[in-house]
Amino acid sequence: MCSSNSESSAAKRGWRTFVPFAASSLVSSGVDLGAFWLLCCALRPYLPEAVYITAATIVARVLSSLMNYLINYFFVFQSRAAHQRSATLYTILTILKTLASAFFVSLLVGLVPGLPELGAKIPVDVALFVINYLVQNAFVY
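None of the values given here were measured: they were computed from a predicted structure.

Visitor: Break down the overall build of the chain for me, with residues and values.
Guide: When helices and strands are tallied, the chain shows 5 helices and 0 strands. Scanning the chain from its N terminus toward the C terminus, one meets helices and strands in the order α-α-α-α-α. Summarising its shape, the C-alpha atoms of the chain cover approximately 60 × 35 × 20 Å along the three principal directions. Counting all 141 residues of the chain, 28% fall into the buried class. A separation of at least 24 residues holds for 66% of the contacts in the chain among residues at least 6 apart in sequence. Split by element, the accessible area of the chain, about 9,200 Å² in all, is 74% carbon and sulfur. Counting 9 positive and 5 negative side-chain charges, the chain places the averaged centre of each group 14 Å from the other.

This is the structure in structure tokens:
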């Protein structure tokens, strides 16, 4: 069957952007972990543990999310959407994804006795990764 002209750009992109999206996510995860580690090392001598860990987490996540947004915008999806719109949607999606991860990991750990947090986090975050791709592909870029 031939594709119609009314197909959305997200549908036209289909899954061909999935591999670059996954690579972008891996690079962003590396930036997040690296920035977190560096910030912990830098702030540890000056701040209480809970404060430097929280600060390092937030700053590292902001840096890695900004980088991920830009890579996805320019290279993965080659978007022409207005930055104000796509950045706002990306930010909302990132916050919702983070909250969903915390909720579902906590839920699984509570429901399955003896399940370690990481054992719950991996399948939850893999599912959220796929959902995140689909939402970004359809609505953000």
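Visitor: Requested: an account of helix α5 (residues 117-140), with residues and values cited.
Guide: End to end, α5 covers just 30 Å across 24 residues, shorter than the expected 34 Å (1.5 Å per residue, more than 12% under). Buried within α5 we find Ala120, Val124, Leu128, Asn132, Tyr133, Gln136, Asn137 and Val140.

Visitor: I'd like a description of the pattern of salt bridges, backed by residues and values.
Guide: Tallied over the full model, the rule gives 2 salt bridges. The partner of Lys121 in a salt bridge is Asp125, with the nearest N and O atoms 2.6 Å apart. You can see Lys121 and its partner Asp125 sitting in helix α5, 4 residues apart, about one turn around the helix. The partly exposed category is assigned to Lys121, whose relative accessible area is 36%. On the basis of relative accessibility, which here comes to 27%, the residue Asp125 falls in the partly exposed class.

Visitor: Before we move on, can you summarise the side chain of Asn132 with the specific residues and values?
Guide: Relative to the helices and strands, Asn132 is located in helix α5. The exposure class of Asn132 is buried, given its relative accessible area of 6%. If sequence neighbours within four positions are ignored, Asn132 has contacts with Phe21, Leu93 and Lys97.

Visitor: Account for helix α2 (residues 18-43), naming residues and giving values.
Guide: Residue pairs three or four apart in sequence face the same way in an α-helix, which turns once every 3.6 residues. When the terminal C-alpha atoms of α2 are compared, their 37 Å separation across 26 residues agrees well with the 38 Å that a helix rising 1.5 Å per residue should span. Taken residue by residue, α2 has Phe21, Ser24, Ser25, Ser28, Asp32, Ala35 and Cys40 as its buried positions. Each element contacted by the buried residues of α2 is listed here: α3 (49-76) and α5.

Visitor: I'd like a description of the environment of Ser64, backed by residues and values.
Guide: Its location among the elements puts Ser64 in helix α3. Ser64 sits in the buried class, given a relative accessible area of 5%. When the C-alpha atoms of Ser64 and Ser24 are compared, they prove to be 10 Å apart, with 40 residues separating the residues in sequence. Apart from the residues within four sequence positions on either side, Ser64 is in contact with Ser28, Val31 and Asp32.

Visitor: Tell me about the packing of α2 against α5, and please be specific about residues and values.
Guide: Where α2 meets α5, the closest approach of the two axes is 11 Å, and the angle between their N-to-C directions is 120 degrees. Accordingly, the angle class assigned to the pair α2 and α5 is oblique. The element α2 and its partner α5 pack so that their crossing is right-handed. Across from Phe18, Phe21, Ala22 and Ser25 in α2, the residues of α5 making contact are Phe129, Asn132, Tyr133 and Gln136.

About the thresholds
- Residues numbered from 1 in each chain as written.
- Predicted model: local features only at pLDDT ≥ 70, side-chain atom pairs only at ≥ 80, totals over all residues.
- Heavy atoms only, no water.
- Helix = DSSP H or I, 4+ residues; strand = E, 2+ residues; numbered from the N terminus.
- Buried < 20%, exposed > 50% of the residue type's maximum accessible area, 1.4 Å probe, protein only.
- Contact = heavy atoms within 4.5 Å.
- Areas by Shrake-Rupley, 256 points an atom, 1.4 Å probe, with all protein chains shown as cover.
- Lys, Arg positive; Asp, Glu negative; His and termini not counted.
- Charge placed at Lys NZ, Arg CZ, Asp CG, Glu CD.
- Expected span 1.5 Å × (residues − 1).
- Salt bridge = Lys/Arg side-chain N within 4 Å of Asp/Glu carboxyl O.
- Axes fitted to C-alpha atoms, helices over the stretch in contact; angles between N-to-C directions.
- Parallel < 35°, antiparallel > 145°, perpendicular 65-115°, else oblique.
- Left-handed = near helix turned anticlockwise from the far one by under 90°.

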